[in-house]
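Fold and contact review
Listed below, chain by chain, are the residues.
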Amino acid sequence: MHVVHTIAELRARLAGYRCVSFVPTMGSLHEGHLALVHQARTLGDVTVASIFVNRLQFAPGEDFDTYPRTLEADCVQLRAVGCGVVFAPSERELYPQAQGFTIQPPAELADIFEGEFRPGFFAGVCTVVQKLFGCVQPSVAVFGKKDYQQQMIVRRMVQQFALPIEIVTVDTIRAADGLALSSRNAYLSPAERREAVQLPMALAAIASALRSGETDVPALESEAMQSLAVRGWRPDYLVARRRSDLQPGRPGEAMVVLGAARLGATRLIDSVEV
Ligand code: AMP
C-alpha cells in the first residue's frame, strides 16, 4: 500500500490502472469505513481511500478542530484490508487558494434535514467530492448509507454533471447493540454510549410501524422525536421519506427513515431503510 500526500504523487501511482475504485473518508477509520473498502476492492483493479478532514463542510462552531485525526492507525487498518493507495492531502495541497469555485446542490435536496441543521454542509461535501473525483479520477466510488442524504445528493451530482463514475452504496455497519459506527462515537461518555442506541431504536420503531401498515407518518415521526426528547436528547429531525429524493412518500414507494439528534455535546445521525 502506498501513502501519498500530493495530487502529483497520486496521479503517478494510478497511471496504468484502468478501473480505480475510490472511498472518500475523513479518517478516524472504523469497521464501517473498512466495509466500504472491502466493497471497493471487488469493483476496481486498484482501490484508493482518501483521508481528508474537509473544512468546507464544517460550519463555524462545529467540531473541525477537534475532529479525530489518526492517520497512522488509519493506514494500518487500510493496509490490512488490501487498500492500494491512501491519498492524504494537506489542506494546502487540496485548497492551495481559497476554493472560489464551489458546487451548490439544489435547495430541495440539500437544504432539508442535514442541510437545514448544518447550513452549507452539502455545498462543502459536493465541492470536496467533486475535487477528489478530479484528483483520483475513479470509475467507481463507494459511499455509506448511514449518511443517506449525502449518498443521494452525490448520486444526483454525478448524474447531472454526467460524470463517468458509478456510485455504489454500502449498508450501515453497527456495533453489537445497534449503534451505527461513527468517528464521532468517540466523543460519547460511557453513559452516553449506553444511551446512544436509543437513536437507531427510535428509527427502527418508525420503520417497523410503516412495515406493519401504519400510514400516519407525521404521528410516527413526532412520537419518535418525543421518545428521545423525554430521555434528554435534542432531536433535530426523525422523518420517513421516499428513498429516491427524500420527499414525502406515497403508498407503495420504497421508504427510508432518517434521523439526527444531539446527545450531550455529540450529534449523531443514522438511517434505516424500510
Ligand atoms: P466519514 O469519514 O464520516 O466522512 O465517512 C466516510 C464514508 O464512510 C461515508 O461514505 C460514510 O457514509 C461511510 N460510513 C461512515 N460510517 C459508516 C458505517 N457505520 N457503516 C457504513 N458506512 C459508513
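Owing to the predicted nature of the structure, the values given are computational and were not obtained by experimental measurement.

This part takes up the site of the ligand. Around the ligand sit 17 residues in total, of which Met 26, Gly 144, Asp 147, Ile 173 and Leu 181 are the nearest. A distance of 2.6 Å is found between an oxygen atom of the ligand and a side-chain nitrogen or oxygen belonging to Asp 147. For the shell around the ligand, the secondary structure elements donating two or more residues are strand S2 (20–25), helix H2 (31–41) and strand S5 (140–144). In terms of residues, the shell around the ligand owes the most to one element, H2, which gives three residues. Of the residues in the shell around the ligand, the class split is seven nonpolar, seven polar and three charged.

Moving on: unusual backbone geometry. Here Ala 162, not a glycine, exhibits a phi torsion of approximately 50 degrees, which is positive. Despite not being glycine, Leu 246 shows a phi value in the positive range, around 60 degrees. Among the structural elements, Leu 246 can be located in the loop between strand S7 (234–242) and strand S8 (255–263).

A separate point is the packing of aromatic side chains. In this description, an aromatic ring pair is defined by two values, namely the gap between the centres and the angle between the planes. All chains considered together, the criterion is met by seven aromatic pairs. Between Phe 58 and Phe 64, the aromatic rings sit 5.5 Å apart at their centres with planes inclined by 75 degrees, giving edge-to-face as the arrangement. Neither Phe 58 nor Phe 64 differs from the other in exposure class; each is buried. Measuring from ring centre to ring centre gives 6.0 Å for Phe 58 and Tyr 67, while their planes differ by 75 degrees; the resulting arrangement is edge-to-face.

A few words now on the domain arrangement of the protein chain. For the protein chain, the assigned domains are domain 1 (2–170) and domain 2 (183–273). Computed over C-alpha atoms, the centres of domain 1 and domain 2 are 25 Å apart. At the interface, 23 residues of domain 1 touch 20 residues of domain 2. When the two sides are added together, the surface that domain 1 and domain 2 hide from each other amounts to roughly 1800 Å², 52% of it contributed by carbon and sulfur. The largest contributions to the domain 1 side of the interface with domain 2 come from Phe 113, Phe 117 and Tyr 148, which together make up 37% of the buried area. Between domain 1 and domain 2 we count three salt bridges in total. Two residues, Arg 267 and Glu 114, come together in a salt bridge whose shortest N-O distance is 2.7 Å. Here domain 1 and domain 2 share eleven residue pairs in polar contact (both at pLDDT 80 or more) between them. Contributions of two or more residues to the side of domain 1 that touches domain 2 are made by helix H5 (107–110), helix H6 (114–117) and helix H8 (148–160). For the side of domain 1 that touches domain 2, the element with the most residues is H8, which contributes four residues. Of the residues in the side of domain 1 that touches domain 2, the class split is nine nonpolar, six polar and eight charged.

This next bit is on the pattern of salt bridges. The tally for this structure, following the rule as stated, stands at 15 salt bridges. For Asp 270, the salt bridge goes to Arg 174, with nearest N and O atoms at 2.9 Å. One end of the pair, Asp 270, is in strand S9 (residues 266–273); the other, Arg 174, is in the loop between strand S6 (166–170) and helix H9 (190–195), with 96 residues separating them in the sequence. On the basis of relative accessibility, which here comes to 3%, the residue Asp 270 falls in the buried class. Overall, the relative accessible area of 29% leaves Arg 174 in the partly exposed class. Shared partners join several salt bridges into a network, and the residues in it are Lys 145, Asp 171, Arg 243 and Glu 273.

What counts, and where the lines are drawn
- Here the residue numbers are simple positions, counted from 1 along each chain's written sequence.
- Given that this is a predicted model, residues contribute local features only at a pLDDT of at least 70 and side-chain atom pairs are listed and counted only at 80 or more, while totals for whole chains, interfaces and linings are drawn from all residues.
- Side-chain numbers here rest on the full set of heavy atoms in the structure, without hydrogens or water.
- Here a residue counts as near a molecule or strand whenever at least one of its heavy atoms sits within 4 Å of it.
- Nitrogen and oxygen atoms within 3.5 Å of one another constitute a polar contact, given that in protein one can donate a hydrogen and the other can accept it, and given that sequence-neighbouring residues count only through two side-chain atoms.
- In this text, helices come from DSSP runs of H or I with a minimum length of four residues, and strands from runs of E with a minimum of two, each type numbered from the N-terminal end.
- Lys, Arg, Asp and Glu make up the charged group, whereas Ala, Val, Leu, Ile, Met, Phe, Trp, Tyr, Cys and Pro make up the nonpolar group; the residues left over, Gly among them, are polar.
- Side-chain rings of Phe, Tyr and Trp, where Trp is taken by its six-membered ring, are said to pair if the distance between their centres is within 6.5 Å; with planes under 30 degrees apart they count as stacked, over 60 as edge-to-face, and otherwise as tilted.
- The rule is simple: take the accessible area with a 1.4 Å probe, protein chains only, and divide by the maximum for that residue type; under 20% is buried, over 50% is exposed, in between is partly exposed.
- Note: domain ranges come from an automatic or database domain assignment.
- Any two residues having at least one pair of non-hydrogen atoms within 4.5 Å are treated as being in contact.
- Computed with a 1.4 Å rolling probe, the buried area is the accessible surface lost when two parts are put together, summed over both parts.
- One speaks of a salt bridge when a side-chain nitrogen belonging to Lys or Arg is within 4 Å of a carboxyl oxygen belonging to Asp or Glu.

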